[in-house]
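Residue-level listing of the chains:
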Amino acid sequence: MKILMISGTYNRQSRTWLMLEEARKHCDTYDVETEIVELCDYAITVGQKDTSHQISELVEKINESEAIIFSTPNYQGSISGLLKVAIDHIPERGLKNKSVGLISVSGGIGNMSQPLSHLRDIVSSLEGLAVATNIACHSDDFIRDEEGKSSISNEKILERVKDMVEELYRHTK
Ligand SMILES: Cc1cc2nc3c(=O)[nH]c(=O)nc-3n(C[C@H](O)[C@H](O)[C@H](O)COP(=O)(O)O)c2cc1C
């Protein structure tokens, strides 16, 4: 079984990615192969005419995975444009029979759940099955050490990441 984790931020190894790193740790408990894709490493163009190697590779990674976790920063009350552009390359019914975990990382608490509802609709339109345990977190759920390295400080968020991985595993095995 493979879980593909897709980070939709433009910032390398930032909070959106950190949430996936935490999920990956829990996957080690199960017999699950994992991979984190950072979309900022991909040259993705708008529209579906992009037949580049990177896009084919991304779609292939999705096809080969039984479960996906999308982690997105909250941009203007929604998912990042980068993630949406990447998702637009997934073919029709491209998430059929795949279990999907959803994570959003916001700057504040104002509109934290909106990216999750938008993602849930997108996943459903691609015939994926979003699991119930989704995660909306924000900047106060993280701390930064003196060297500027961030980590998740909210125990409830850590617990919820564990629950999400457990639910994905249960749905998929
Ligand atoms: C263009 C842009 C729009 C944003 N819009 C929102 C927003 O609507 N609500 C919010 O809570 N945070 C917003 N933020 C803050 C980000 O969600 C927050 O900084 C998040 O941690 C970014 O994820 P990252 O650290 O993984 O890159 C926005 C940031 C940017 C750059």
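Parameters and conventions
Counting from 1, residues in each chain are numbered in the order their sequence is written. Given that this is a predicted model, residues contribute local features only at a pLDDT of at least 70 and side-chain atom pairs are listed and counted only at 80 or more, while totals for whole chains, interfaces and linings are drawn from all residues. Heavy atoms throughout the structure, all of them, feed into the side-chain values; hydrogens and water do not. In this text, helices come from DSSP runs of H or I with a minimum length of four residues, and strands from runs of E with a minimum of two, each type numbered from the N-terminal end. To get the radius of gyration, use the C-alpha atoms; to get the globule rule, take the number of residues to the power 0.38 and multiply by 2.2 Å. Strand pairing follows a simple DSSP-based rule, namely that at least 2 bridges must link the two strands. In this analysis, a patch consists of residues with relative accessible area above 30% that form no salt bridge, clustered at 9 Å for like charges and at 5 Å for the nonpolar side chains Val, Leu, Ile, Met, Phe, Trp and Tyr. Only the protein chains shown count as cover for residues, and the accessible areas themselves come from Shrake-Rupley with a 1.4 Å probe. Salt-bridge detection follows one rule: a side-chain nitrogen of Lys or Arg within 4 Å of a carboxyl oxygen of Asp or Glu. As used throughout, the charge tally considers Lys and Arg to be positive and Asp and Glu to be negative, leaving His and the chain termini uncounted. Where a charge lies is defined by one atom per residue type, namely NZ (Lys), CZ (Arg), CG (Asp) and CD (Glu). Lines fitted to the C-alpha atoms define the axes, with helices restricted to the stretch that makes contact. Angles between their N-to-C directions range from 0 to 180 degrees. An angle below 35 degrees is read as roughly parallel, one above 145 as roughly antiparallel, one from 65 to 115 as roughly perpendicular, and any other as oblique. Here a crossing is taken to be left-handed if its near helix is turned anticlockwise relative to the far helix by less than a right angle, and right-handed if that turn runs clockwise. We call two residues in contact whenever any of their non-hydrogen atoms come within 4.5 Å of each other. Ten residues, namely Ala, Val, Leu, Ile, Met, Phe, Trp, Tyr, Cys and Pro, are considered nonpolar, four, namely Asp, Glu, Lys and Arg, are considered charged, and the remaining ones, Gly among them, are considered polar. In this text, near means that some heavy atom of the residue lies within 4 Å of the molecule or strand in question. For the purposes of these results, a polar contact is taken to be a pair of N or O atoms within 3.5 Å, where, inside protein, one atom must be able to donate a hydrogen and its partner to accept one; residues adjacent in sequence count only when each atom of the pair is a side-chain atom. Only buried residues count toward a nonpolar core. Its members are Ala, Val, Leu, Ile, Met, Phe, Trp, Tyr and Cys residues joined through side-chain atoms within 4.5 Å. Exposed residues in this analysis have more than 50% of their type's maximum accessible area, buried residues have under 20%, and partly exposed residues fall in between, with area computed by a 1.4 Å probe over protein chains only. To pair, rings of Phe, Tyr and Trp, with the six-membered ring standing in for Trp, must have centres within 6.5 Å; the planes then decide the type, stacked if under 30 degrees apart, edge-to-face if over 60, and tilted in the middle.

Novice: What am I meant to see in the overall build of the protein here?
Specialist: Regarding its fold elements, the protein presents 5 helices and 8 strands. Going from the N terminus to the C terminus, the protein shows its helices and strands as β-α-β-α-β-α-β-α-β-β-β-β-α. A compact globule built from 173 residues should have a C-alpha radius of gyration of about 16 Å, and the protein, at 15 Å, falls within 12% of that. With respect to the three principal axes, the spread of C-alpha positions in the protein is 45 × 35 × 30 Å.

Novice: Sorry if this is basic, but what is going on with unusual backbone geometry here?
Specialist: Its identity as a non-glycine residue notwithstanding, Gln76 has a phi of 50°, on the positive side. Within the secondary structure layout, Gln76 lies in the loop between β3 (67–73) and α3 (81–87). Positive phi outside glycine occurs at Asn97, with the angle close to 65°. By secondary structure assignment, the location of Asn97 is in the loop between α3 and β4 (99–106).

Novice: In this structure, what is going on with the pairing of strand β2 (residues 33–38)? I would like to understand it.
Specialist: For a regular strand, the rule is simple: side chains alternate between the two faces of the sheet. Two elements, strand β1 (residues 2–7) and β2, share 6 bridges in a ladder whose sense is parallel. Along β2, the bridge assignment pairs Ile6 with Val37.

Novice: What is the right way to look at a negative patch on the surface in this model?
Specialist: A surface patch of negative charge is lined by Glu33, Glu60, Glu64 and Glu66. Looking at where Glu33 falls in the secondary structure, it is placed in strand β2.

Novice: Explain the packing of helix α1 (residues 15–27) against helix α5 (residues 155–172) to me, please; I cannot follow it from the model alone.
Specialist: Describing two packed helices takes the angle between their axes plus the distance from one axis to the other. Packing of α1 against α5 leaves a shortest axis separation of 9 Å and a crossing angle of 55°. Considering the angle they form, α1 stands oblique to α5. Considering only the axes of α1 and α5, their crossing is right-handed. Facing α1, whose interface residues are Met19, Glu22, Ala23, His26 and Cys27, α5 presents Ile157, Leu158, Val161, Lys162 and Val165. Residue composition of the contact of α1 with α5, grouped by class: 7 nonpolar, 1 polar and 2 charged.

Novice: It is not clear to me how the site of the ligand should be interpreted in this structure. Could you clarify?
Specialist: Lining the immediate surroundings of the ligand are 15 residues, of which Thr9, Asn11, Ser14, Thr16 and Asn74 lie closest. Here a nitrogen atom of the ligand sits 3.1 Å away from a polar atom, N or O, in the side chain of Asn111. A total of 640 Å² of accessible area belongs to the ligand in isolation, and the protein chains cover 69% of it. Mapped by element, the contributors of at least two residues to the shell around the ligand are α1 and β4. Partitioned by chemical class, the residues of the shell around the ligand number 3 nonpolar, 11 polar and 1 charged.

Novice: Looking at this model, I keep getting lost on the nonpolar core. Mind explaining?
Specialist: The nonpolar side chains of a soluble globular protein tend to be buried with one another. In this structure, Ile6, Leu39, Phe70 and Leu95 are the most contacted members of the largest nonpolar core, which totals 27 residues. Mapped by element, the contributors of at least two residues to this core are β1, α2 (53–64), β3, α3, β4 and α4 (114–125). Considering each element in turn, this core owes the most residues, 5 residues, to α3. Look past the residues within four positions of Leu39 in its chain and what remains in contact with it is Ile6, Ser7, Gly8, Ile44, Leu58, Leu82, Leu83 and Ala86. Counting 25 residues, the second-largest nonpolar core is a separate cluster that includes Ile3, Ala23, Val105 and Met164.

Novice: Sorry, what's going on with the packing of aromatic side chains here?
Specialist: Each aromatic ring pair is summarised here by two numbers: the centre-to-centre distance and the angle between the ring planes. In the structure shown here, the tally under the stated rule is 2 aromatic pairs. Judged by centre distance (6.0 Å) and plane angle (5°), the ring pair of Tyr10 and Tyr75 falls under stacked. Note that Tyr10 is positioned in the loop between β1 and α1 and Tyr75 in the loop between β3 and α3, a separation of 65 residues in sequence. Assessed through its relative accessible area of 47%, Tyr10 is described here as partly exposed.

Read these as geometric descriptors, not functional statements.
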